[in-house]
Each structure stands twice: as C-alpha cells, then as structure tokens.
Amino acid sequence: CLLSHFLVCLFSRLFCLFFSFLCLLLCSPRTNRVPPCQFHGANASCVRCQKAMRVVVTRHEEAKCSGVELDGRVAASFMVYPRKELRDEVARVGVMFGRETAESALQVECIYEPPQRGWRCGVKLEEGRAAEAELEHARALAGALGLKMVGIIISRTPSMMALEYELTASELLLAAHYHELQGTDSLFAIVSGSAATDDEGHEEYHPFELSPQIHELRQRKYFLPHPDFASEALEKQREVDPTTLVNFMKPSPSHTPAPAADESDEEFDDEVLFLKPEAKVQIGPDDVENVESSFLFVPLAIRPYESMLNILSPVENRRSAATKGHLKSLLLEEAPMLDKVSDFHFLLWIAQNLDIETAVNMAQCAAARQWGEEQEGFMFVLNAFAES
C-alpha cells in the first residue's frame, strides 16, 4: 500500500510538472512569433498577420527642426584641416555641440573632432576606452558650458561632389548613433560640407534631419551590418603602400602637392547610398531589398550665427596636436583670461592632460562670463602644469 501510494504521488507530481512546463512553453512570448489568430493555417501564419508584421518605410518629409544656425568661423576651422593639411584626400567628421532655441532651431557653438581615420568616401571612428573617455570628457565640458550634442558635420572630398544633396548609408547610421547617445527626443542635424564653394568663394554647407524611423529600425536591429567600405579602402591602401595610410594621430611626413587623380579614383560606388535590411521592406506598393538613404532624411535651412566661444588652441586629434608649449604661449598672451578659457578645444586638452574637474570649473566660469580673484587660482595651477 505504501509503495502504491508513493508511485501515485510521484506520477501525479511528474504530470503536474510536465503540464506546467507545457503551458509555460506555449504561453510565453517569443521574439518574431506571429500572434495567434483564427485565420492561421498549417504554417502558423496568415496573410493578415504577414501584413501586420511587414515593415513599411515611408519618406521623411516634415522636419521638426526649423534650421541650423552655424558660425562660419567655427565651420571654417573644422573644414580647413581636411582642405589644406589633408589636401582634400579624405573625409572627416565632427560632433557639433550647441543648443536648441525656442523656435526649434539648432545653434552650433563648437565642433569636437573625435579620433578617426578617413578615406575618400567616408570615415571610420577609432574605438576603445580612450576614445570613449574622450567623448565623455567632451560631453561633460559641453554640459558645463550649457551645451549638448546637436548633430554631426561631415567634410566631403571632390570624389563625393555628386552627393551634394545626399547622405550615404554609413553617414546616416553614424548620425543615428550619436543621436541615440544624446536622446532621440532632442533635435539633431547632419551638416555636409561640400568641396564646392559659392560665388563669393565660401564653403557650402547642407544640413539635414534624420527620420525617426531609422531609430525604430535600429532598435529592432533590422539593419544588417553595413559593408565597412572604410576598412576595405584602408586595407587596400595598406597593401599598396603602408606609408600612405592616413592616420590623423601621426605627424605629417610632408606637405607636397597630391598627384593628379585618375577618373576612376573620382568615382564612388552607388552601394554607399543604400541601407541593407534583414528582410524585404515595403516602399509604396513594392517590396524592396535595399532602402535608399534619401527616404530617411529631409533637408533643413541654414542661417549665420556668432558663437560665444573662441578658437585659440590647436584642435584635438589632428597632426599638429596641442602641447605644453601652446599652453605657455596662451598664458603669456595679453588677452583676458576669460577669453582664453572660452575655448572648447583648450578646455578639452586640459581635461585630457591635467584633470577633468579643473576643466569643468573653468568651463562653468566661461559659461557664466565671470572671472575674478576667486578664479585666479586656476592661473597658478595652469602655470605650474605648463612648467612641469
């Protein structure tokens, strides 16, 4: 009797466990699992559910941002490096810091240039803890100045002049990455600097706004990894001649004029304009395998603006990096100290080489436009550091 009672209890418990597991397996939510409906056939799907799960891409037509206000001096400081020192051979990207106005416009105060490598049709950002820490320092200083990330700016080489009013897929994904770091609820813009100039010889800049749909698709991980054209181009360049590899962190070996490029060098692959979804998406009545980048941005207006910040120090991550000699020269200048510390690139160099707390405190003084006897202690710290 005891044995039979034990077996009955054992089998009943096993049956309860099996039934519970079966219910959990059937009722638990699954990724990409089609919701059950009365029209499902043998393949656990139906036309109604397939239409509900289909990704429809629509063209972005109405911008939330009313325009970009850009200081020509700040933009020219960014563009002069790829134009003059790099001889228009490679593209370059910068992160714009500024603020939103009450009229939903973006005012750009300064441009941070992250460590990067470039080629004719794009850039590849450096990765690692050092690059991440530098970006965090840049954002901390921007916050102390009352600024935030408002977009990215991209310089264009002559080989990309045909894309004057276009953006490549890699540029869109790079902008989406920075926009998500700042928060997709905020306004964000992409500014492309053309190799062409207007009738007065000034650089032409074309701002754009991202479509919110690109963030939705990225969150769903719907885009396949985009072909890394920059790595391929740099690898080919390394195979041909290692000394020609463009690395912005190394000194320039020479400033000889660049050889004339062949027509084939001036061409670019149309594939850079298309995003690669993991499955077909619907655009209008058609199912397509590639999404043209023009569906995911809209052009913006651009207006002049005068930044509150100065550009007195060498810009970060260029061949001619700032040194303690630059700091000594800056401290010896007769300009007011408030004007000297109102320089984002100077503050970032202090944050990277001295300490972030001192740089943030000076940035707060620059934002408040206050520099008195209480702030003179910074002079002793900077002089001691310059002489060390």
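For the structure, check the block above.
Notes on the structure in this doc start here. Note that this is a predicted model, so its numbers are computed, not measured.

Scoring rules and cut-offs
Residues numbered from 1 in each chain as written. Predicted model: local features only at pLDDT ≥ 70, side-chain atom pairs only at ≥ 80, totals over all residues. Heavy atoms only, no water. Helix = DSSP H or I, 4+ residues; strand = E, 2+ residues; numbered from the N terminus. Expected span 1.5 Å × (residues − 1). Buried < 20%, exposed > 50% of the residue type's maximum accessible area, 1.4 Å probe, protein only. Phe/Tyr/Trp six-rings, centres within 6.5 Å; stacked < 30°, edge-to-face > 60°. Axes fitted to C-alpha atoms, helices over the stretch in contact; angles between N-to-C directions. Parallel < 35°, antiparallel > 145°, perpendicular 65-115°, else oblique. Left-handed = near helix turned anticlockwise from the far one by under 90°. Contact = heavy atoms within 4.5 Å. Nonpolar A, V, L, I, M, F, W, Y, C, P; charged D, E, K, R; others polar.

1. Observations regarding helix α5 (residues 169–182)
- Compared with the 20 Å implied by 1.5 Å per residue over 14 residues, the 20 Å span of α5 between its first and last C-alpha is a close match.
- Residues Ala169, Glu171, Leu172, Leu173, Leu174, Ala175, Ala176, Tyr178 and His179 constitute the buried set of α5.
- Of the residues trailing α5, Gly183 is marked for its positive phi of about 120°.

2. What about helix α6 (residues 212–219)?
- Within the span of α6, buried status applies to Gln213, Ile214, His215 and Leu217.
- Downstream of α6 by a residue or two, Lys221 has a phi angle that is positive, lying close to 55°.

3. Focus: the packing of aromatic side chains
- Throughout the structure, instances matching the rule amount to four aromatic pairs.
- Judged by centre distance (5.7 Å) and plane angle (40°), the rings of Phe97 and Phe344 are tilted. Of this pair, Phe97 sits in strand β2 (residues 92–100) while Phe344 is found in helix α10 (residues 344–353), placing the two residues 247 residues apart along the sequence. A single burial state applies to Phe97 and to Phe344, both of which are buried.

4. Some points on unusual backbone geometry
- Even without being a glycine, Ser104 presents a positive backbone phi close to 65°.
- Position of Ser104 among the secondary structure elements: in the loop between β2 and β3 (105–112).
- A positive phi angle is found at Arg369, which is not glycine, with a value near 55°.
- Relative to the helices and strands, Arg369 resides in the loop between α11 (356–368) and α12 (377–387).
- Classification of Arg369 as partly exposed rests on a relative accessible area of 43%.

5. Here we look at the packing of α10 against α11
- Here α10 crosses α11 at 155°, and the two axes come no closer than 7 Å. Between α10 and α11, the angle is such that the two are roughly antiparallel. For α10 against α11, the interelement crossing comes out right-handed. From α10, Phe346, Leu347, Ile350 and Ala351 reach across to α11, where they touch Ile356, Ala359, Met362 and Ala363.
- Here the residues of the contact of α10 with α11 sort into eight nonpolar, no polar and no charged.

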